[in-house]
Amino acid sequence: MKNFKEEHRQFVKENSLPNKVGNKTEIRYYAKVEKIVVKPSSQISRLNKHHIWHEDHVQKYLKVNGFVWILRVFLIQTPYMAEINRGTKYSNLKKTSKFIN
């Protein structure tokens, strides 16, 4: 938890492990990659107010250049139970859901 900013730790704690029923995993958020930019480590501090990571973690993790994913995150109105393959970090859903912006 120390890698996250103090004000985001409760959210991370509540959302880091999804609910599971059998081989299905609950999905409550949808993230869309809007843009990927390359930033030198010297400029990353300018983005500090736009992410949840503690500044020390970012500096230790990022040595030279970083690929910064600009995400738009949506809350799914009705959580979706998806069949997820082991080791998959993303899922193509079989049906669409309504989102709250």
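Residues numbered from 1 in each chain as written. Predicted model: local features only at pLDDT ≥ 70, side-chain atom pairs only at ≥ 80, totals over all residues. Heavy atoms only, no water.

Trainee: Would you explain the overall build of the chain in this entry?
Mentor: A count of helices and strands for the chain gives two helices and four strands. Going from N to C terminus, the chain has its helices and strands arranged as α-β-β-α-β-β. Taking all 101 residues of the chain together, 19% fall into the buried category. Long-range contacts, defined here as pairs at least 24 residues apart, represent 68% of the contacts in the chain between residues at least 6 apart. Summing over all exposed atoms, the chain offers an accessible surface of approximately 8,600 Å²; the carbon and sulfur share of this is 52%. (Helix = DSSP H or I, 4+ residues; strand = E, 2+ residues; numbered from the N terminus. Buried < 20%, exposed > 50% of the residue type's maximum accessible area, 1.4 Å probe, protein only. Contact = heavy atoms within 4.5 Å. Areas by Shrake-Rupley, 256 points an atom, 1.4 Å probe, with all protein chains shown as cover.)

Trainee: Mind showing me how you'd approach a nonpolar patch on the surface here?
Mentor: On the surface, Phe11, Tyr29, Val33, Ile36, Val38, Phe67, Trp69, Leu71, Val73 and Leu75 cluster together into a nonpolar patch covering about 980 Å² of accessible area. Every element with two or more residues in the nonpolar patch is listed here: strand S2 (24-40) and strand S3 (65-83). Mapped onto the elements of the fold, Tyr29 is located in strand S2. Note on Tyr29: relative accessible area 35%, which makes it partly exposed. (Patch = residues over 30% accessible without salt bridge, like charges linked within 9 Å, V, L, I, M, F, W, Y side chains within 5 Å. Salt bridge = Lys/Arg side-chain N within 4 Å of Asp/Glu carboxyl O.)

Trainee: It is not clear to me how empty space enclosed by the protein should be interpreted in this structure. Could you clarify?
Mentor: Empty space left among the atoms is revealed by rolling a probe the size of a water molecule over them. Under the definition given, this model contains one cavity of 30 Å³ or more. For the largest cavity, the calculated volume is near 30 Å³. Around the largest cavity sit Ile44, Ser45, Asn48, His51, Glu55, Val58 and Gln59, which together line it. (1 Å grid on protein atoms, 1.4 Å probe; cavity = no way out; pocket = protein on both sides within 12 Å on 5 of 7 lines; lining within 4 Å. Points joined across faces, edges and corners; volume = space filled by probe spheres on them.)

Trainee: Got a minute to help me understand the packing of aromatic side chains in this structure?
Mentor: The way to describe two aromatic rings as a pair is by their centre distance and the angle between their planes. A complete count under the given rule lists three aromatic pairs for this structure. The interplanar angle of 70° and the centroid separation of 5.9 Å between the aromatic rings of Phe11 and Tyr29 together place this pair among those described as edge-to-face. On the criterion of sequence distance, the pair formed by Phe11 in helix H1 (residues 9-15) and Tyr29 in strand S2 is long-range, its members being 18 residues apart. On the basis of relative accessible area, Phe11 is assigned to the partly exposed category, the value being 43%. (Phe/Tyr/Trp six-rings, centres within 6.5 Å; stacked < 30°, edge-to-face > 60°.)

Trainee: Sorry if this is basic, but what is going on with the environment of Gly66 here?
Mentor: Within the secondary structure layout, Gly66 lies in strand S3. On the basis of relative accessibility, which here comes to 6%, the residue Gly66 falls in the buried class. Between the C-alpha atoms of Gly66 and Gln43, which are 23 residues apart in sequence, the distance is 9.7 Å. Discounting residues that sit within four places of it in the chain, Gly66 has contacts with Val37, Val38 and Lys39.

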